[in-house]
Amino acid sequence: MTDAFTKMFQQMMESGQEMVRAFNPALENMQVKGFEQFFPTMSKDMMEMWFGKTFNREGLDAKTRLLVTIAALTVLGAQAEPQLKLTVRHALEAGATQREIAEVIWQMSMFGGLPAMQKALEIAQAVFAEVEEKDA
């Protein structure tokens, strides 16, 4: 990697790590060392789009970003189960309520259909139960 790419990547990773902390404060100490190994051939434009402009502090707050992500994953249906579980957990950590998460999922029934909505609700309810059990 060139020095310019390495510097740009480091800045984007720092910005991304700040957003991760906003998504879930428990991830504050997450290590990203060596993460650049996953992206050696990714173009500068793609890196800037995803990490430099998309995941930043301006615009949407973490809770809203996570609710939007839940909506998208709901429409994708059961193929996104692991990602949906993780995003529901992060949304709860970012301050979303169970009701807000359920409302977002219900709203997506118009776009992803009833089976996708039902599966997403089952997944979310399982996460709610896990979180409640852990907190008890």
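Note: the structure precedes this text.
Structural notes, computed from the coordinates. The structure displayed is predicted, hence computed values, not measured ones.

Relative to the 32 Å expected for 22 residues at 1.5 Å per residue, helix H7 (residues 114-135) spans 31 Å between its end C-alpha atoms, a close match to the ideal helical length. What H7 keeps buried is the set Ala116, Met117, Ala120, Leu121, Ile123, Ala124, Val127 and Phe128. Take H7 and look down its axis: the buried residues cluster within an arc of 165 degrees, on one side only. In this structure, H7 carries Leu114, Pro115, Gln125 and Glu133 as exposed residues pointing more than 90 degrees from its buried face. If you follow the buried residues of H7, they end up packed against helix H3 (62-76), helix H4 (81-93), helix H5 (98-107) and helix H6 (109-112).

Take the packing of H3 against H5 next. The interhelical angle for the contact between H3 and H5, taken along N-to-C directions, is 40 degrees, at an axis separation of 9 Å. Viewed along their axes, H3 and H5 adopt a mutual orientation that is oblique. At the point where H3 passes H5, the crossing takes the right-handed sense. Together, Lys63, Leu67, Ile70, Ala71 and Thr74 of H3 and Glu100, Ile101, Val104 and Ile105 of H5 make up the contact between the two elements. Looking at the contact of H3 with H5 residue by residue, the classes come out as six nonpolar, one polar and two charged.

Rules and cut-offs
Residues numbered from 1 in each chain as written. Predicted model: local features only at pLDDT ≥ 70, side-chain atom pairs only at ≥ 80, totals over all residues. Heavy atoms only, no water. Helix = DSSP H or I, 4+ residues; strand = E, 2+ residues; numbered from the N terminus. Expected span 1.5 Å × (residues − 1). Buried < 20%, exposed > 50% of the residue type's maximum accessible area, 1.4 Å probe, protein only. Arc of directions from axis to C-beta. Contact = heavy atoms within 4.5 Å. Axes fitted to C-alpha atoms, helices over the stretch in contact; angles between N-to-C directions. Parallel < 35°, antiparallel > 145°, perpendicular 65-115°, else oblique. Left-handed = near helix turned anticlockwise from the far one by under 90°. Nonpolar A, V, L, I, M, F, W, Y, C, P; charged D, E, K, R; others polar.

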